[in-house]
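Structural characterization, general
Okay, here's what each chain looks like letter by letter:
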Amino acid sequence: MQSQHPDDTKNMMLAVALAMAVLFGWNYFYAAPQIRAQQEKAELEKKRAQDLNSSGVAGSVPAAVTAQQQAAPAAAPAATREEALARSPRVSIETPSLKGSVALKGGLIDDLTLTKHHETVDPKSPNVILLSPMAAPDAYFAEHGWQAANGSKQAVPGAETLWQSTGSGPLTPASPLKMSWDNGGGLVFHRTITVDADYMFSITDEVENKTAASVDLIPYARLYRFGKPHTTGYSVLHEGLIGVPGDVGLTEVTYAQALDEAGPKAFDVKSGGWIGITDKYWASALIPDQAAPYVAVFEGRKGVAGRPDLYTTEYTRPAVTVASGQSQKVDGLLYAGAKQVKVVESYETKHNIKLFNKLIDWGWFHFFTRPLNHLLDWLYQILGNFGLAILAVTVLVKAAFYPLANKSYESMAKMKKLQPQMEVLRERFKDDKARQQQEVMQLYQKEKINPLAGCLPILIQIPVFFALYKVLFISIDMRHAPFYGWIHDLSAPDPTSLFNLFGLLPFAVPEFLLIGVWPIIMGITMFVQMQLNPPQPDPIQQKMFSYMPLMFTFLLGSFPAGLVIYWAWNNLLSIFQQYYISQKAGADIHLLDNMKRIFGPVLRLLGRGQETKS
């Protein structure tokens with residue numbers, strides 16, 4: 001048996017690392033740096049919050065965390081969402097993208113259903129519910145209002161305030177909702193809510209002062225979410241509190257991190273930006289006047305006395321002075337809906353919202369991810385099938401990197417041709433490793449081969465393929481998008497399984513055994529691609545490489561079908577590319593020899609069995 005050479009070990013380790021990179025490398029390139037950045041931001045934000053609270057700011061920027069702000073709305077829980085909705089008179093919301101209602105009790109936007117999105121792939125399944133009222137299970141709602149400042153005793157609207165609607169029809173893109181409330185002490189509060197055809201609400205709060213003295217009031221907006229929602233659990237995707245509070249930059253706090261914090265995370269913002277709560281496909285965001293200063297707060301509080309955990313994001317603007325006989329108003333926006341890239345980007349431009357596109361989790365390689373997403377969307381519009389768009393964009397990416405891949409495969413082909421000479425050198429100088437390395441390097445120089453040339457082009461391509469992987473993972477267009485045959489939802493795993501003969505046997509299969517047709521196709525393509533290379537000289541290395549396709553088949557079995565189809569198609573293209581370049585370079589193609597080596601004993605055994613029977 002040949003002895004294992006250091007070069008073989010290095011090659012083996014490099015190949016394993018590259019093969020595993022797309023699955024696990026993201027945790028190194030994306031998740032770990034992001035977590036470190038979040039930790040650094042957290043320290044800075046805690047210090048800002050401490051400085052802000054200790055300074056007792058009450059002038060242009062109010063103290064961010066007060067007893068009134070800390071107190072969450074309280075309501076006896078309802079058995080159902082419908083029961084909770086019935087506790088308040090309501091004005092309905094009717095748009096092409098949303099249906100729901102505004103609660104006149106509290107003036108809350110707390111009932112939203114997404115009319116273009118369903119819970120399952122079945123078009124008759126219920127629509128996705130985004131916002132729910134305070135007393136409902138999984139309550140999630142937006143609140144806008146005023147707080148009394150400077151010890152004022154004037155009553156302000158609260159959770160129990162019953163607003164009066166001045167109109168008779170529903171809230172639609174063509175007809176705003178106007179409400180008012182008189183506090184009985186000389187202040188009249190007015191609220192106007194408008195909505196567009198997609199997911200943006202505009203809220204204008206106005207206060208009219210009929211008293212003999214000026215009044216100071218603090219405007220605020222707040223998102224409440226009770227109970228931890230279902231999350232995908234993937235580290236490549238952020239779910240939880242999110243925002244771009246002014247010049248602080250993108251800030252992401254997971255639900256778990258929000259509960260682990262010692263206190264609220266406060267940001268003293270000069271102006272600009274937004275704050276919100278995000279899921280994989282849905283989000284809500286509060287967007288203050290982009291020219292006004294504010295204090296933003298992220299907070300998570302563990303539930304007590306049987307109440308669920310509470311997550312909030314809020315902004316508080318400087319106190320507004322309303323002179324006697326005068327009125328003052330403030331404006332704000334609320335985004336509540338699906339994270340559609342075109343819609344989000346159009347709002348960023350239309351309303352000049354700072355970095356609103358960051359509501360989409362583009363990831364660490366955003367400079368690749370966003371263009372790839374636009375390319376994928378363009379192909380989707382042309383081809384009419386998201387699966388076909390995945391295949392097309394993979395071809396275009398492979399074509400763009402063909403010169404690099406060509407150099408890589410050519411270098412590997414030349415290395416293959418040198419294998420016999422390298423084995424001779426290893427055998428000749430097996431007792432002198434330094435001389436062996438020297439002779440090998442001289443052979444490289446003589447043949448004008450750079451041993452790293454086969455690796456560097458692949459390493460350069462990894463960020464782009466990470467970005468494409470990310471695009472497919474976050475794209476809402478892939479959700480419930482059909483492909484062909486049995487794939488009715490590209491965002492869900494392949495529903496078939498080898499372990500019940502792809503549905504022929506009448507029993508369900510546990511999730512970890514859902515090894516469907518497409519994961520098997522992916523495993524086969526990966527196996528064939530590996531057999532284009534000569535067998536490893538060391539038996540242990542060869543066994544590791546032999547088991548890798550099987551391991552990846554099980555790993556990808558639970559992945560969205562769209563990602564598995566992309567990976568299988570990418571492997572198939574790589575097989576043709578590597579075969580063509582190896583043939584062009586005159587290098588040996590080991591596919592048939594490897595197949596005979598692997599399957600020859602099995603075929604011979606089967607042949608003997610037939611001879612015995614005959």
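If you're wondering where the values come from, they're calculated on a predicted model, not measured in any experiment.

Quick notes on the rules
- Residues numbered from 1 in each chain as written.
- Predicted model: local features only at pLDDT ≥ 70, side-chain atom pairs only at ≥ 80, totals over all residues.
- Heavy atoms only, no water.
- 1 Å grid on protein atoms, 1.4 Å probe; cavity = no way out; pocket = protein on both sides within 12 Å on 5 of 7 lines; lining within 4 Å.
- Points joined across faces, edges and corners; volume = space filled by probe spheres on them.
- Helix = DSSP H or I, 4+ residues; strand = E, 2+ residues; numbered from the N terminus.
- Nonpolar A, V, L, I, M, F, W, Y, C, P; charged D, E, K, R; others polar.
- Pairing = 2+ DSSP bridges.
- Buried < 20%, exposed > 50% of the residue type's maximum accessible area, 1.4 Å probe, protein only.
- Arc of directions from axis to C-beta.
- Contact = heavy atoms within 4.5 Å.
- Expected span 1.5 Å × (residues − 1).
- Phe/Tyr/Trp six-rings, centres within 6.5 Å; stacked < 30°, edge-to-face > 60°.
- Lys NZ or Arg CZ within 6 Å of the ring centre and 35° of its normal.
- Core = buried A, V, L, I, M, F, W, Y, C linked by side-chain atoms within 4.5 Å.
- Salt bridge = Lys/Arg side-chain N within 4 Å of Asp/Glu carboxyl O.
- Polar contact = N/O pair within 3.5 Å; in protein donor to acceptor, adjacent residues only side chain to side chain.
- pLDDT = per-residue confidence, 0-100.
- Axes fitted to C-alpha atoms, helices over the stretch in contact; angles between N-to-C directions.
- Parallel < 35°, antiparallel > 145°, perpendicular 65-115°, else oblique.
- Left-handed = near helix turned anticlockwise from the far one by under 90°.

Structural notes on empty space enclosed by the protein
Applying the stated criterion across every chain yields a total of four cavities of 30 Å³ or more. As a volume, the largest cavity reaches approximately 70 Å³. If you trace the largest cavity, you find it lined by His144, Gly145, Ile203, Asp205, Pro219, Tyr220, Ala221, Tyr315, Arg317, Val330, Asp331 and Gly332. When contributions to the lining of the largest cavity are tallied by element, the ones reaching two or more residues are β5 (140-148), β9 (200-209), β10 (215-226) and β19 (327-338). Considered class by class, the residues forming the lining of the largest cavity number six nonpolar, three polar and three charged.

Let's talk about the sheet that holds strand β15 (residues 282-288)
Spatially, the nine strands line up as an open sheet ordered β6-β7-β8-β9-β19-β15-β14-β11-β12, and their pairing is antiparallel. Only two strands of the sheet have a single neighbouring strand rather than two, namely β6 (164-165) and β12 (251-254). Here β9 runs beside β19; their pairing, made up of nine bridges, is antiparallel. Bridging across to β19, isoleucine 203 finds its partner in glycine 332.

Observations regarding helix α9 (residues 419-428)
Taken together, the buried positions of α9 are occupied by Met422, Leu425 and Arg426. With its buried residues spanning 100° around the axis, α9 presents them on a single face. Of the exposed residues in α9, the ones pointing more than 90 degrees away from its buried face are Pro420, Glu427 and Arg428.

Concerning the environment of threonine 313
With respect to the helices and strands, threonine 313 occurs in strand β17 (residues 310-316). Exposure remark for threonine 313: the relative accessible area of 0% places this residue in the buried category. Each C-alpha atom, one on threonine 313 and one on valine 297, is 5.7 Å from the other, the two residues being 16 residues apart in sequence. The residues contacting threonine 313, other than those within four sequence positions of it, are Ala221, Arg222, Leu223, Leu241, Ile275, Gly276, Ile277, Leu286, Val297 and Phe298.

A short note on helix α10 (residues 433-447)
With 15 residues, α10 extends 21 Å between its outermost C-alpha atoms, agreeing within 8% with the 21 Å of an ideal straight helix rising 1.5 Å per residue. Of the positions making up α10, those classed as buried are Gln436, Glu439, Val440, Leu443 and Tyr444. Projected onto a plane normal to the axis of α10, the buried residues spread over an arc of 145° and lie on a single side. Facing away from the buried side of α10, by more than 90 degrees, are the exposed residues Ala434, Gln445 and Lys446.

Things to note about the packing of aromatic side chains
Across all of its chains, the model carries 20 aromatic pairs by this definition. Note on phenylalanine 267 and phenylalanine 298: the rings are 5.5 Å apart at their centroids and 65° apart in plane angle, and the pair reads as edge-to-face. Here the residue phenylalanine 267 occupies a position in strand β13 (residues 265-269), and phenylalanine 298 occupies one in strand β16 (residues 294-301), the gap between them amounting to 31 residues. Here phenylalanine 298 falls in the buried class, since its relative accessible area comes to 2%. Through pairs of rings, three or more aromatic residues link up here, namely Tyr199, Trp274, Tyr335, Tyr347 and Phe356. Its end group placed over the ring of tyrosine 140, arginine 225 keeps NZ or CZ at 4.2 Å from the ring centre. Residue placement shows lysine 280 over the ring face of phenylalanine 473; its charged tip is 4.2 Å from the ring centre.

Quick look at the nonpolar core
Within the largest apolar cluster, 121 residues are counted, with the highest numbers of intra-cluster contacts made by Ile109, Phe189, Ile193, Phe201, Trp274, Tyr335 and Phe356. It is helix α11 (residues 456-474) that contributes the most residues to this core, eleven residues altogether. If we ignore the near neighbours within four places in the chain, the residues touching isoleucine 193 are Val102, Ile109, Leu171, Pro176, Leu177, Met179, Phe201, Ser202 and Ile203. In this structure, Leu418, Leu425, Phe429 and Tyr444 belong to the second largest nonpolar core, which totals eight residues.

Observations concerning the pairing of strand β11 (residues 240-245)
By the criterion of burial, β11 is predominantly enclosed, with six of the six residues buried. The pairing of β11 with β12 spans four bridges and is antiparallel. Residue pairing across strands places isoleucine 242 opposite glutamate 252, the latter belonging to β12. Where β11 hands over to β12, the hairpin turn is made up of five residues, of which glycine 246 adopts a positive phi near 65°.

Description of the pattern of salt bridges
Throughout the structure, instances matching the rule amount to twelve salt bridges. The partner of lysine 105 in a salt bridge is glutamate 160, and the shortest N-O contact between them spans 3.2 Å. With lysine 105 in the loop between β2 (98-103) and β3 (108-118) and glutamate 160 in the loop between β5 and β6, this residue pair connects regions lying 55 residues apart in the sequence. We classify lysine 105 as partly exposed; its relative accessible area is 31%. For lysine 342, the salt bridge identified is with aspartate 377, shortest N-O distance 3.1 Å. Here the residue lysine 342 occupies a position in helix α5 (residues 341-350), and aspartate 377 occupies one in helix α6 (residues 366-383), the gap between them amounting to 35 residues.

Comments concerning the environment of glutamine 290
Residue position: glutamine 290 is located in the loop between β15 and β16. Through-space distance from the C-alpha of glutamine 290 to that of glycine 273 is 6.7 Å; in sequence the pair is 17 residues apart. Here lysine 354 takes part through its backbone nitrogen, which lies 3.3 Å from a polar atom of the side chain of glutamine 290.

Thoughts on the confidence of the model for the chain
On average, residues of the chain carry a pLDDT of 81, and 79% of them reach 70 or more. Below pLDDT 50 for its whole length, residues 1-16 participates in 24 contacts with residues either more than four positions away or in separate chains.

Considerations on unusual backbone geometry
Apart from glycine, the bulk of residues carry a negative phi angle, and the bulk of peptide bonds sit in the trans form. Not every positive phi belongs to a glycine, and asparagine 352 is a case in point at roughly 55°. Take asparagine 352: it is sitting in the loop between α5 and α6. Residue classification places asparagine 352 among the exposed residues on the basis of a relative accessible area of 60%. Phi at leucine 355 takes a positive value of approximately 50°, unusual for a residue other than glycine.

Details of the pairing of β3
Summarising burial for β3: eight of the eleven residues are buried, a large majority. Across six bridges, the pairing between β2 and β3 is antiparallel. Along β3, the bridge assignment pairs valine 102 with isoleucine 109. With four bridges connecting them, β3 and strand β4 (residues 127-131) associate as antiparallel partners. Within β4, the residue paired with threonine 113 across the bridge is isoleucine 129.

Brief notes about the packing of α6 against helix α7 (residues 386-400)
Here α6 crosses α7 at 130°, and the two axes come no closer than 8 Å. Classified by the angle their axes make, α6 and α7 are oblique. Our pair here, α6 against α7, has a crossing hand that is right-handed. Together, Leu372, Leu375, Leu376, Leu379, Tyr380 and Leu383 of α6 and Phe386, Leu388, Ala389, Ile390, Ala392, Val393, Leu396 and Val397 of α7 make up the contact between the two elements. A class-by-class count of the residues in the contact of α6 with α7 yields 14 nonpolar, no polar and no charged.

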